[in-house]
Structure formats: C-alpha cells, structure tokens
Amino acid sequence: MTQYMLSAHSVEGEARNPMTDEEMRWITEQVGILEEQMKSAGAWVFSGRLHAPDTATVVRPSDGEVLTTDGPFAESKEHLGGFYIVEAEDLDAALAWASKVTLAVRTPIEVRPLAEQPRP
Amino acid sequence: MPVVDEALIGRLFREESGRSVATLIRIFGDIDLAEDAVQEAFAVALRKWPAEGLPPNAGGWITTTARKRAIDRLRRETRGRELLGEVAVLSPGNDDPGMPEVVGPVQDDRLRLIFTCCHPALSTEVQVALTLRLLGGLSTKEVARSFLVAEATMAQRLVRAKRKIKAARIPYRVPEDHELSDRLGPVLAVVYLVYNAGLSSPAEPGLCSEAIRLARILATLMPDEPEVAGLLALLLLTESRRASRMRPDGSLVLLGEQDRRRWDRSLIEEGQAIVRRCLRRNQPSTYQLQAAINAVHADAATVEQTDWPQIVALYDQLLAVAPTPVVALNRAIAIGEVQGPAAALALVDELRAERRGDFERGPPRHPCRGQEACHERGPAANICTARRTGMCNANMARSDPQHRAGAIAYQEMFMTVSTRGRTSENTPSTRLGE
C-alpha cells in the first residue's frame, strides 16, 4: 500500500465565484458521501480543508533567528484549498479516488505519493 | 546454422530483450535491476555464443541468465535480501527464485510493460522513450537520437520517468476490460508515433520496423481489439510504399508519381487481409478506417484507377469518429478527385475559415499554406487538387527543410492524427523531440 496526497488546487477569484447556495450544498453533500466511501474502503487516512490563503502566516529562518511574516508563502494565483491523504494499492487506485474528488469539488486534484510510507 | 557474430546477437537483443526485461520486472519489481541484468546476460552471450553456438531457445537462455544475475546482485545487498524474500512470496510454487522458470507463451509480460510505459500519468514523450528503451531494446543513445536530444538529456529523462513509476507505484498490469478503452489509446498512439518518427527521418528506418514489430506483438496479445489490428494493417500498408516514397536525394515522391510496381505486395496483402477481417467485425474506428483508405489506394494500379468514391466514403466515416482538421483536409482532397478541384477548394476555404486557430498551430499549417500558395497561383484544371497540395508541400519542403516533417505527412494525403486527448495535439509527422 502507498499513501498519496490528493490536493485540491483553486485558482484565486476563479473557480468559486459564480456558485449558488444550492451548488455549495451539492458539493458539501457529494464530499460527505465520498468521505464515507473512502472510510468504509479503508482508504481514508486524513483530510482537511483550508481557510483562504490570506489567513496564512509564514515563519522562516533568518540569521539564526526566526522571521515571521504575513502569508501566503507563494505569491501565486493558485493555492492549496484542501487535501486528502489516502492509502491505495497503486497509482490507478489513487487516481480513481482523485477522479471522484475532482468531480465533487470541481477543482483540479494533484496526486502525489508520500515519501515516507507506513510499514506494511 | 547461422554464423553467430555480433550482428546476430545485436539483432537478437532487439528482438528478445523486451520480453526478458518485462519478465524480470514482473519477478523483481524493479526496472533498473531488470535492465542491468538483461544487459549483463547479453554481455555473457557475446562471450559464449560465438564459440559455443546459439542455445536452442536464445530468448529463454537470456531470461534465465539475467534472472540469475539479478539474484546474485540482490544477494550481495542487504535491501536485496529483503527483496528476495518478497520475490519468493510472490512466486508461488517456486521456492528458490534462482531456479530457471519456464517462460510460457500464455501471459506475455510485454503487454504489462507497454501499459506501464504508456500510462497516462507519463507524458507522451516519456511514454515513447520508455517504450523504445524497455520494449524495443534501443540504447539510450539511440532513443536520444530519435528525439534529437543529447544522450545525457535523454538519460536524465528516463531516470526521472523510472523514479516516478517506482515512487507513485504506476501499476505493472494489463488494464481490465472496462479500463481498456481509455488505456489502449496511448499505447497505440505511441506505436504510431514511433513509426512516423522513422518515416519522417530516413536515417532511422529502424524505428519503422520497430513500430511494426511492436504492433505485431500487440495484435498477437490482444486479438480481440479491432483497433490494434487496424493499427498493424495501417503500418503494414504504409510500409509497403516506404521504399518508393523518397528519391535518393531525400526529396519526396508523391503518391501519384510513385512507381507502384515497387510497392511491397506481400505487405499489402497482409495489410489488406487484416482490413477485410476488421470490416467483417464492423466496429470501425480511426486506425481501421485509415488502414481501409490505404488498402483502397494499394488496390489501384494508377492514381486515376483509384476508387475515389470509396475513399470519400471512408473519409466521411473517419471524420465522424475523428473530426480533426487534418482529416477534414484529406477528405476535401478526396472529394476533389471525385467532383473536381473547385469542390475541394471550396471545402478547404470553408475549413480554413472555421478552424483558423487549428491550422495556425503546429505542422498542419504548412500544408495549408501550401494550399494557399496554389490557390493564389490559380487552379490548373488538369492537375488534381490532391496532387497540387502534395506538390506545394514537397516544394516547400525542398526550400525549407524545417518544414519537411510536416510536408512528409501530407505528401501521401492520408496521414492523420488519430488519437484522443493530449496526443491529438501532437502531430505524428513531426520528429519526436519537436
């Protein structure tokens, strides 16, 4: 088994703008159903949804001290909006989960293997 | 008894190494280990065979020797000994993985390997490179040459690809039936790209035969897939004309001007027989339809005797399943043969207005400009549209070598981009690296 991070990337000001309350409710419902599926399949390890990037704070080493600044770290238009850690047999199985996630949350999902894997 | 020399062993390497590498990857789950072990086995063969003669089953000998080499290497490494434990678990009924295993014809590991190499998680370029390297037995240097990149660049690309396969666990298996429709496309596209790379670079004729060899393997291993048969037929029929499509100076001979007596009849017969079998199945799709178009051309003793209405009918079907500008242009050319140049030019103008963006991107624009140039000169009534289009391209090709690749695809009029998704953005007529 391999653990993968499925990360949901949203483009600032793009994806979420024209969404009605009903659409929001639909997404929430779909995501709920999907997480249940992941859990009952034993694939779900951890997941989280993040607040908007302007709530981020960054710390970094600077001359032996730590410098704290306003975030986000990357000055880009694309930001991590949320993620799942799933356990899957292989990439195809991870991609099958990612396909369900992208259809539910309607943002692109990046699938990346975790470097440290749990001992079998 | 053939003389066992380096050339013979080299040829055996091309033919057999893919199968051995595929088998060893299944056993050890490690591409690098499999590649190295098979290389070593051939090095042993180079020492032994010239003196001792070929073993009865040279391929099996290579696989067995490579397997032993791999095990020897693993025994020397701590991590390797762990892996060997896993191998023993994975090989039921074979406690000692050092025992030579009978390589059966039933489950051919090469099929697994090509689906791994052509996994959609890898870029098209990497898919082609991996397929040539692992299944085709080409050296990194040879793969680099077909991409027009430095050997070190290609080596780096292959290393990264193999690292991704390992880290992301791209599976080593043949997709199940319900996945096959999505997964077969890239595999066929890769084989087609390899063929076209050979076709557009006369210095690499080996790529053409390599692609045909891969297509034959696929057709044997997946006899129930009509598009696999269609691809093989398309390649065989295209190959039948390869010798007559280029002059010694490298310039193109247009279809209408080719010496049809030089077309390879045995390849044509084989290709046409496959096309007939496909027709009986009646599940036409892009490769089968292109093969059928080629089969009709192959039937005609001269360009005038070509059954153009039949070709138009096939292009109608092709356009329905693959509505690309290239197919539309080729269809227009065929219509010109039936209804006259004016009908074709009207269609081309329509197309150009509709799909300007497509024509302005990538190689298809060159033929279109060629067409334009002809148009400006005014249509000569006695020269058919098809040949004029081809002629312009060939002329452009001569004056501008950069446009050669694009022009080559057009000279025979019925080359087309036939795959879905990302690959359809690429044009198989270009060199792989472009």
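Residues numbered from 1 in each chain as written. Chains lettered and ligands numbered in written order. Predicted model: local features only at pLDDT ≥ 70, side-chain atom pairs only at ≥ 80, totals over all residues. Heavy atoms only, no water.

Contacts between chain B and chain A engage 10 residues on the former and eight residues on the latter. Sorting the residues of chain B by area buried against chain A places Ala 168, Arg 169 and Pro 171 of chain B first, and these three jointly supply 59% of that buried surface. There are four salt bridges connecting chain B and chain A. Across the pair Arg 169 of chain B and Glu 89 of chain A runs a salt bridge whose closest N-O atoms are separated by 3.9 Å. Here chain B is connected to chain A by seven residue pairs in polar contact (both at pLDDT 80 or more). For the side of chain B that touches chain A, the per-class residue count stands at five nonpolar, one polar and four charged. (Contact = heavy atoms within 4.5 Å. Buried area = accessible area lost by both parts, 1.4 Å probe. Salt bridge = Lys/Arg side-chain N within 4 Å of Asp/Glu carboxyl O. Polar contact = N/O pair within 3.5 Å; in protein donor to acceptor, adjacent residues only side chain to side chain. Nonpolar A, V, L, I, M, F, W, Y, C, P; charged D, E, K, R; others polar.)

Take the sheet that holds strand β1 (residues 2-11) of chain A next. Residues and elements named next belong to chain A. If you walk across this open sheet you meet the four strands as β2-β5-β1-β6, and the pairing is antiparallel. Edge positions in the sheet fall to β2 (44-49) and β6 (109-113), since each of these pairs with one other strand and no more. Each strand axis lies, on average, 20° off the axis of its neighbour in the sheet, ignoring direction. Pairing between β1 and strand β5 (residues 78-88): 10 bridges, direction antiparallel. Across the sheet, residue His 9 finds its bridge partner in β5, namely Leu 80. Against the sheet, helix α1 (residues 21-41) engages β1, β2 and β5, with an angle of about 30° to β5. Along the sheet face, helix α2 (residues 91-105) touches β1, β5 and β6 and points at about 155° away from the line of β6. (Pairing = 2+ DSSP bridges. Helix = DSSP H or I, 4+ residues; strand = E, 2+ residues; numbered from the N terminus. Axes fitted to C-alpha atoms, helices over the stretch in contact; angles between N-to-C directions.)

With that settled, consider unusual backbone geometry. Outside of glycine, negative phi angles account for most residues, and trans bonds account for most peptide bonds. Look at the link from Gly 71 of chain A to Pro 72 of chain A: it is a cis peptide, with omega at 0°. With respect to the helices, strands and loops of the structure, Pro 72 of chain A is situated in the loop between β4 (65-70) and β5. We note that Asn 282 of chain B has phi near 55°; this positive angle belongs to a residue other than glycine. Tracing the chain through its elements places Asn 282 of chain B in the loop between α12 (265-281) and α13 (286-299).

Turning our eyes to something else, we now look at helix α14 (residues 308-321) of chain B. Residue and element names in this part refer to chain B. Between its first and last C-alpha, α14 extends 20 Å over 14 residues, near the 20 Å set by a 1.5 Å rise per residue. Among the residues making up α14, those that are buried are Trp 308, Ile 311, Val 312, Leu 314, Tyr 315 and Leu 318. Taken around the axis of α14, the buried residues stretch over an arc of 165°, which confines them to a single face. Exposed and oriented more than 90 degrees from the buried face of α14 are Pro 309 and Ala 320. (Expected span 1.5 Å × (residues − 1). Buried < 20%, exposed > 50% of the residue type's maximum accessible area, 1.4 Å probe, protein only. Arc of directions from axis to C-beta.)

Turning our eyes to something else, we now look at the confidence of the model for chain A. Looking at chain A as a whole, its pLDDT mean stands at 89, while 92% of the residues score no less than 70. In the model of chain A, β1 of chain A stands out as the element of lowest mean pLDDT, 91, in contrast to β6 of chain A, which has the highest, 97. (pLDDT = per-residue confidence, 0-100.)

Before going further, it helps to examine the packing of aromatic side chains. All names here are of chain A. What the rule picks out here adds up to four aromatic pairs over all chains. With a centroid separation of 6.0 Å and 40° between ring planes, the pair formed by Phe 46 and Phe 83 is classed as tilted. Placement of the pair is Phe 46 in strand β2 and Phe 83 in strand β5, with a sequence separation of 37 residues. Accessibility expressed as a relative area gives 47% for Phe 46, which makes it partly exposed. Judged by its relative accessible area of 18%, Phe 83 falls in the buried class. When the ring centre of Trp 44 is taken as reference, the NZ or CZ atom of Lys 39 above it lies at 4.4 Å. (Phe/Tyr/Trp six-rings, centres within 6.5 Å; stacked < 30°, edge-to-face > 60°. Lys NZ or Arg CZ within 6 Å of the ring centre and 35° of its normal.)

To continue, consider the environment of Ser 285 of chain B. Residues and elements named next belong to chain B. Note on placement: Ser 285 falls in the loop between α12 and α13. Sequence-wise, Ser 285 and Ala 313 are 28 residues apart; in three dimensions their C-alpha atoms are separated by 14 Å. Ignoring any residue separated from it by four or fewer positions in sequence, one finds Ser 285 in contact with Glu 227 and Val 321.

Here the focus is a positive patch on the surface. Residues Arg 276, Arg 277, Arg 280 and Arg 281 of chain B make up a contiguous surface patch of positive charge. Looking at the element boundaries, Arg 280 of chain B is found in helix α12. (Patch = residues over 30% accessible without salt bridge, like charges linked within 9 Å, V, L, I, M, F, W, Y side chains within 5 Å. Areas by Shrake-Rupley, 256 points an atom, 1.4 Å probe, with all protein chains shown as cover. Lys, Arg positive; Asp, Glu negative; His and termini not counted. Charge placed at Lys NZ, Arg CZ, Asp CG, Glu CD.)

Next up on the list: the pattern of salt bridges. Applying the stated criterion across every chain, the model contains 25 salt bridges over all chains. Note that Glu 110 of chain A and Arg 112 of chain A form a salt bridge whose closest N and O atoms lie 3.5 Å from each other. Judged by its relative accessible area of 54%, Arg 112 of chain A is exposed. Put simply, Asp 259 of chain B and Arg 261 of chain B hold a salt bridge, and the shortest N to O gap is 3.1 Å. Its relative accessible area of 31% is what places Asp 259 of chain B among the partly exposed residues. Through salt bridges with shared partners, a single ionic network connects Asp 90 and Asp 92 of chain A together with Arg 173, Glu 179 and Arg 183 of chain B.

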